[in-house]
Amino acid sequence: MREMHDEIDILQTLKHDNIIKLHSVYEDKTTLFIVMEECKGGELFQRIVEKGQYTEHDAAKVIKQLLSAVRYMHSVHNVVHCDLKPDNILFVTEADDSEIKIIDFGMSKVLPRLRSLREEKSWQRFAARGLMPAGNGLVVDRLNELGHHAIGGDINDARDGFERVNMEEPFP
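Residues numbered from 1 in each chain as written. Predicted model: local features only at pLDDT ≥ 70, side-chain atom pairs only at ≥ 80, totals over all residues. Heavy atoms only, no water.

(A) Representation of the overall build of the protein chain. When helices and strands are tallied, the protein chain shows five helices and 10 strands. Per-residue burial over the protein chain gives 45% buried out of 172 residues. For the protein chain, restricting intrachain contacts to residue pairs at least 6 apart in sequence, the fraction spanning at least 24 positions comes to 66%. A total of about 9900 Å² of accessible surface is found on the protein chain, and carbon and sulfur atoms cover 51% of it. (Helix = DSSP H or I, 4+ residues; strand = E, 2+ residues; numbered from the N terminus. Buried < 20%, exposed > 50% of the residue type's maximum accessible area, 1.4 Å probe, protein only. Contact = heavy atoms within 4.5 Å. Areas by Shrake-Rupley, 256 points an atom, 1.4 Å probe, with all protein chains shown as cover.)

Below, the structure written as structure tokens:
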């Protein structure tokens, strides 16, 4: 239950057009009720499957929104999503030009100022494929993978959740 409260705390601090909005939280003795923004357009994963591939222009519109949200999370709040993949990106509507929302902040971390993910001992054994520590100590979500899969890469690779990562070795 602590993990859920951590996720709620993170969502309560994030206020960005491309991050899912948390409206309210109710809790009784046995159940936690979370009221979030409604997104009717489905997952990016499903759109890629249905389209087969995006044009570079359409993929660029999605990636631009993702970059805006990730920049905000990293630079304003020191939040790292840690599970950014097509399944965790929703479209608000079914329209082709729908706004996107990043969801599922359950694995997210708030990094202390001037620390990198490499120093976070709690999850050095496993890391989301969407992460890559940069040489300057900052953590950078690997949005290029999402773009690659949207434009025509192997979508099965994009859906692969986690891989074992040796945090002592440099990322590819």
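Still more to cover.
(B) The pairing of strand β1 (residues 22-27), seen in detail. Bridge count for β1 against strand β2 (residues 32-36) is five bridges, and the pairing is antiparallel. What sits directly across from Leu22, in β2, is Met36. Hairpin connection between β1 and β2: a loop of four residues separates the two successive antiparallel strands. (Pairing = 2+ DSSP bridges.)

(C) Geometry of the side chain of Ser108. Inspection of the secondary structure puts Ser108 in the loop between β5 (100-102) and β6 (109-110). For Ser108, a relative accessible area of 9% translates into the label buried. A polar contact is formed between the side chain of Ser108 and the backbone oxygen of His81, at a distance of 3.3 Å. Residues within four places of Ser108 in sequence aside, it is in contact with Ile10, Val79, Val80, His81 and Cys82. (Polar contact = N/O pair within 3.5 Å; in protein donor to acceptor, adjacent residues only side chain to side chain.)

(D) Spotlight on the nonpolar core. In terms of nonpolar packing, the biggest core is built from 29 residues, with Leu14, Ile19, Met73, Ile102 and Phe105 touching the most fellow members. Elements that contribute at least two residues to this core include exactly α1 (2-13), α2 (44-51), α3 (56-77), β4 (89-91) and β5. Among the elements that line this core, the one with the most residues is α3, at eight residues. (Core = buried A, V, L, I, M, F, W, Y, C linked by side-chain atoms within 4.5 Å.)

(E) Representation of unusual backbone geometry. The phi dihedral of Cys82 is positive, around 75°, even though this residue is not glycine. By the secondary structure assignment, Cys82 is in the loop between β3 (79-80) and β4. One non-glycine residue, Asp104, lies in the positive phi region at around 60°. The residue Asp104 is located in the loop between β5 and β6 in this model.

(F) Representation of the packing of aromatic side chains within the structure. For the structure on display, the rule yields zero aromatic pairs. Above the plane of the ring of Phe91 lies Arg47, whose end atom (NZ or CZ) is 3.7 Å from the centre. Note that Lys51 overlies the ring of Tyr54, its terminal NZ or CZ placed 4.5 Å from the centroid. (Phe/Tyr/Trp six-rings, centres within 6.5 Å; stacked < 30°, edge-to-face > 60°. Lys NZ or Arg CZ within 6 Å of the ring centre and 35° of its normal.)

(G) Inspection of the pattern of salt bridges at higher detail. Summed over all chains, the structure comprises four salt bridges. For Lys61, the salt bridge identified is with Asp58, shortest N-O distance 3.6 Å. Here Lys61 pairs with Asp58, and both are found in helix α3, just three residues apart, close to one helical turn. Judged by its relative accessible area of 38%, Lys61 falls in the partly exposed class. The residue Glu99 makes a salt bridge to Lys101 at a minimum N-O spacing of 3.6 Å. When its relative accessible area of 34% is taken as the criterion, Glu99 is described as partly exposed. Classification of Lys101 as buried rests on a relative accessible area of 1%. (Salt bridge = Lys/Arg side-chain N within 4 Å of Asp/Glu carboxyl O.)

Note that all results are geometric; they support no functional claim without further evidence.
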